[in-house]
Amino acid sequence: MNSKKKKMLKRAIPLYIMVAPGFIYLLINNYIPMLGIVIAFKNLNFSKGILKSDWAGLSNFEYLFKAPDAFLITRNTILYNVAFIVVNTVVAIVIAIILSEIRSKMKVKIFQSCVLIPSLISIIIVSYLAYAFLSGRTGFINGSLAAAGKDTISFYTEPKYWPAILIFINCWKGAGYSSIIYLAAILGIDQEMYEAAEIDGATRWNKIRFITLPMLKSTVITLTLMNVGRIFYSDFGLFYQVPMNSGALINATNTIDTYVYRGLIELGDISMSSAACVYQSLVGFVLVLTANWVTKKLSSENALF
Amino acid sequence: MVGKGERRYQRMLTVIMFLISLIMVIPLILLVMASITSNNEIVMHGYSFWPKEFSLDAYKYIWNEKAQIFHAYGVTVLVTVIGTAVGTMLTLLYGYVLAQPKFPGKSFLAFYLFFTMLFNGGLVPTYIMYTRYLHLKNSIAALIIPGLLMNAFNVILARTFIQSNVPVALKEAAEIDGASEFRIFGQVALPLCKPIIATVGLFIGLSYWNDWMNGLYYVTDAKLFSIQQLLNNMIKNIEFLSKNANSNINVSSISGGIPQETVRMAIAIVGLLPILLVFPFVQKYFIKGISVGAVKG
């Protein structure tokens, strides 16, 4: 080692010390569990330990994919995510455009607080809110239906309502948050473009249609591709807590994350849930890479790496 | 100069936005009203926005049973304070190091962080490691350590901020004065980092306050229940009822005189209130964090 390199290393030592706590945390919290993927290929026996347990080859995966659950949870996870992406993007852009058009700073701030509130609420409390509306006996909706002389609906046993309910709740909880991102993008648009358009006689709608929306395109693409990269993951709380883990709703609410949790904690079926877990990690990984590759093709400065 | 058309347009936008905002907050209004309705009315007529019979029984009940609820509150506060303090520190240190000009190992450290955003082992190995090997089950550490302490998103946020707000010249000047790296971090960089400390602290703090998953996975001991987990356990009781929706169990008859329906809602409010009270004061950091983070994640 030459002296220059030595000197550089010596100067970097304080930096290594500073980064060490975070480094160790990621090692424990993220990297060691990555190695744990090997569990999916074993017949796990805790008395033997993970490394000494017998190899199971791909049999855990065979079980997983032979069961009808594998198709169902994959379908649900992907379809819900697609719906979430579309609905949230549209609503968030609408909110952002309206906020950008409102002149009064005071009003913008108040409205912004209102739309952000849902994103601050834990999913547990969201499930309380949903219950207050949906409960079969005491819910607000059924109370109103009964008062109007109509039949009440037993939401927690009727799967057909849940796609709409979950899409609504997810949008309610997330749209305000995303609208902040779009609003920031709109505020970054060069004002001169609007002024020039005004001189050319553009109406308000023209300006939105031909300046704002096209200028948001790259933000939409970036955020969408980021979400597409996460399409194999679902918000466990939304799908587990909000439907109150109701067995009657399982076909409409079971996703990969709830399946893994139920397998691990409720059924104690580690081999099956670890296979589902690896399935999620690997496909998820491929999807992130693909999404990033596409982003890079479309607009390289927005790619993650 | 504001034209008549413009005024009408502004009024229309305000009305639309008011309606959207109403949808956002209306569930919370129902929650508040439910908590001050008499329990009997809820059992008989369900939740409503304007109850016929007001009652503070739920809050009286909480006050009488304050030991358990305040204990859960204490757990939440303790976990949030420790988690936020330690997490923000780890995040800033990592971000600061990545913001430094070239040094050996920098690109490795960046990749090491970044890769955690792309790939993870998932719940099963994480759960087995924390419970079987690190024996975190039923400890306060189980509420603090898994998952929440530091994440790549916040570190990148901190790095980006430090890169553009802590001038290299300032650091070099301090170096010439003989300051060590630690002193530069503490006395030069940190004072300039107040806005990002607020933003990152806010993100981490909110995730601790709202966390219930660590409780669900790792805690069964009631002494360690956070406010979210307490709420979660109470809703499990509803779950039982809703699963037996056809059997005619009367809610009030099994609750033994406790105004169950309203108490639940009142505790939800108790868990939510601090966030709603603090939010107006920190909103600007929250918004800044979201918009900056998204542009250059």
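J.: I'm lost on the interface of chain A and chain B in this one. Help?
T.: By convention, interface size is frequently given as the accessible area that disappears when the constituent parts associate. The interface of chain A with chain B comprises 96 residues on the first partner and 106 residues on the second. Roughly 9400 Å² of surface becomes buried between chain A and chain B when both sides are summed, with 75% attributable to carbon and sulfur atoms. The interface formed by chain A and chain B contains three salt bridges. As a salt-bridge pair, A:Arg103 and B:Glu6 come within 3.6 Å of each other at their nearest N and O atoms. Linking chain A to chain B there are 23 residue pairs in polar contact (both at pLDDT 80 or more). A total of 23 residues in the side of chain A that touches chain B trace back to one element, the largest contributor, which is helix α1 (residues 3-35) of chain A. A class-by-class count of the residues in the side of chain A that touches chain B yields 68 nonpolar, 20 polar and eight charged.

J.: Explain the packing of helix α5 (residues 106-118) of chain B against helix α8 (residues 152-165) of chain B to me, please; I cannot follow it from the model alone.
T.: In helix packing, the relevant descriptors are the interaxial angle and the interaxial distance, both defined with respect to the helix axes. Residues and elements named next belong to chain B. Two elements in contact, α5 and α8, have axes separated by 9 Å at closest approach and are oriented at 135 degrees. Considering the angle they form, α5 stands oblique to α8. The interaxial crossing formed by α5 with α8 has left-handed handedness. Side by side, α5 and α8 meet where Leu-113, Phe-114, Thr-116 and Met-117 of the first sit next to Ala-152, Phe-153, Val-155 and Ile-156 of the second. Its residues assigned to classes, the contact of α5 with α8 shows seven nonpolar, one polar and no charged.

J.: Help me understand the side chain of B:Glu6 in this model?
T.: Its location among the elements puts B:Glu6 in helix α1 (residues 4-35). Classification of B:Glu6 by relative accessible area gives buried; the value is 15%.

J.: Where do I start with the environment of A:Ile78 in this structure?
T.: Residues and elements named next belong to chain A. Following the sequence through the fold, Ile-78 ends up in helix α3 (residues 68-101). As for Ile-78 and Arg-230, which are separated by 152 residues in sequence, their C-alpha atoms are 9.5 Å apart. In this structure, Ile-78 is in contact with Ile-231 and Phe-232, ignoring residues within four places of it in sequence.

J.: Sorry, what's going on with the packing of aromatic side chains here?
T.: What characterises a pair of aromatic rings is the spacing of the ring centres plus the angle enclosed by the ring planes. Within this structure, the stated rule accounts for 40 aromatic pairs over all chains. For the pair A:Tyr31 and B:Tyr112, a centre-to-centre distance of 4.5 Å together with 10 degrees between the ring planes defines the contact as stacked. In this pair, A:Tyr31 sits in helix α1 while B:Tyr112 sits in helix α5, so the two residues belong to two different chains. With relative accessibility at 6%, the residue B:Tyr112 sits in the buried group. Judged by centre distance (5.9 Å) and plane angle (80 degrees), the ring pair of B:Tyr130 and B:Tyr218 falls under edge-to-face. Separated by 88 residues along the polypeptide, B:Tyr130 in helix α6 (residues 123-133) and B:Tyr218 in helix α12 (residues 213-218) bring together distant segments of the chain. Residues B:Tyr130 and B:Tyr218 agree in their burial class; the two are buried. Through a chain of ring-to-ring contacts, the aromatic side chains of A:Phe23, A:Tyr31, A:Phe285, B:Phe108, B:Phe111, B:Tyr112, B:Phe115 and B:Phe119 assemble into a single cluster.

J.: Could you clarify how one ought to interpret the nonpolar core in this entry?
T.: Within soluble globular proteins, side chains that are nonpolar tend to cluster in buried spots. Among the nonpolar cores identified, the biggest contains 183 residues, and A:Ile121, A:Trp162, B:Met17, B:Leu31, B:Tyr94, B:Leu113 and B:Phe286 are the most heavily contacted of them. For this core, the leading source of residues is helix α15 (residues 260-295) of chain B, giving 13 residues. Sequence-distant contacts of A:Trp162, defined by excluding residues within four places in its chain, comprise A:Tyr80, A:Leu134, A:Phe155, A:Tyr156, A:Val242, A:Pro243, A:Leu249, A:Ala252 and A:Thr253.

J.: Looking at this model, I keep getting lost on the confidence of the model for chain B. Mind explaining?
T.: Fine structural detail should not be taken from predicted coordinates in areas where pLDDT scores are low. All names here are of chain B. Summary statistics for chain B give a mean pLDDT of 85 and a share of 90% for residues scoring 70 or more. In the predicted structure, residues 245-256 sits below a pLDDT of 50 and forms 14 contacts with residues beyond four places in sequence or in another chain. Across the interfaces of the predicted complex, the ipTM metric reaches 0.87, alongside a pTM of 0.88.

J.: Got a minute to help me understand a positive patch on the surface in this structure?
T.: A cluster of basic residues, B:Lys4, B:Arg7, B:Arg8 and B:Arg11, forms a positive patch at the surface. Of note, B:Arg11 is situated in helix α1.

J.: Explanation requested: a nonpolar patch on the surface in the structure shown.
T.: Taken together, the side chains of A:Val82, A:Val86, A:Val90 and A:Val94 present a nonpolar region at the surface, about 310 Å² in accessible area. Examined against the element boundaries, A:Val86 turns out to sit in helix α3.

J.: Would you explain the pattern of salt bridges in this entry?
T.: Any two side chains of opposite charge can pair, on the condition that their charged atoms come close. Enumeration according to the criterion identifies eight salt bridges over all chains in this entry. A:Lys207 is paired through a salt bridge with A:Glu198; the nearest N and O atoms lie 2.8 Å apart. The salt bridge partner of B:Glu175 is B:Lys171, with a shortest N-O separation of 3.7 Å. Remark: B:Lys171 and B:Glu175 occur in helix α9 (residues 168-176); sequence separation between them is four residues, near one turn of the helix. You can call B:Lys171 buried: its relative accessible area is 13%. Each member of the salt-bridge network shares a partner with another, and the members are A:Arg11, B:Lys171, B:Glu175 and B:Glu181.

Calculation criteria
Residues numbered from 1 in each chain as written. Chains lettered and ligands numbered in written order. Predicted model: local features only at pLDDT ≥ 70, side-chain atom pairs only at ≥ 80, totals over all residues. Heavy atoms only, no water. Contact = heavy atoms within 4.5 Å. Buried area = accessible area lost by both parts, 1.4 Å probe. Salt bridge = Lys/Arg side-chain N within 4 Å of Asp/Glu carboxyl O. Polar contact = N/O pair within 3.5 Å; in protein donor to acceptor, adjacent residues only side chain to side chain. Helix = DSSP H or I, 4+ residues; strand = E, 2+ residues; numbered from the N terminus. Nonpolar A, V, L, I, M, F, W, Y, C, P; charged D, E, K, R; others polar. Axes fitted to C-alpha atoms, helices over the stretch in contact; angles between N-to-C directions. Parallel < 35°, antiparallel > 145°, perpendicular 65-115°, else oblique. Left-handed = near helix turned anticlockwise from the far one by under 90°. Buried < 20%, exposed > 50% of the residue type's maximum accessible area, 1.4 Å probe, protein only. Phe/Tyr/Trp six-rings, centres within 6.5 Å; stacked < 30°, edge-to-face > 60°. Core = buried A, V, L, I, M, F, W, Y, C linked by side-chain atoms within 4.5 Å. pLDDT = per-residue confidence, 0-100. Patch = residues over 30% accessible without salt bridge, like charges linked within 9 Å, V, L, I, M, F, W, Y side chains within 5 Å. Areas by Shrake-Rupley, 256 points an atom, 1.4 Å probe, with all protein chains shown as cover. Lys, Arg positive; Asp, Glu negative; His and termini not counted. Charge placed at Lys NZ, Arg CZ, Asp CG, Glu CD.

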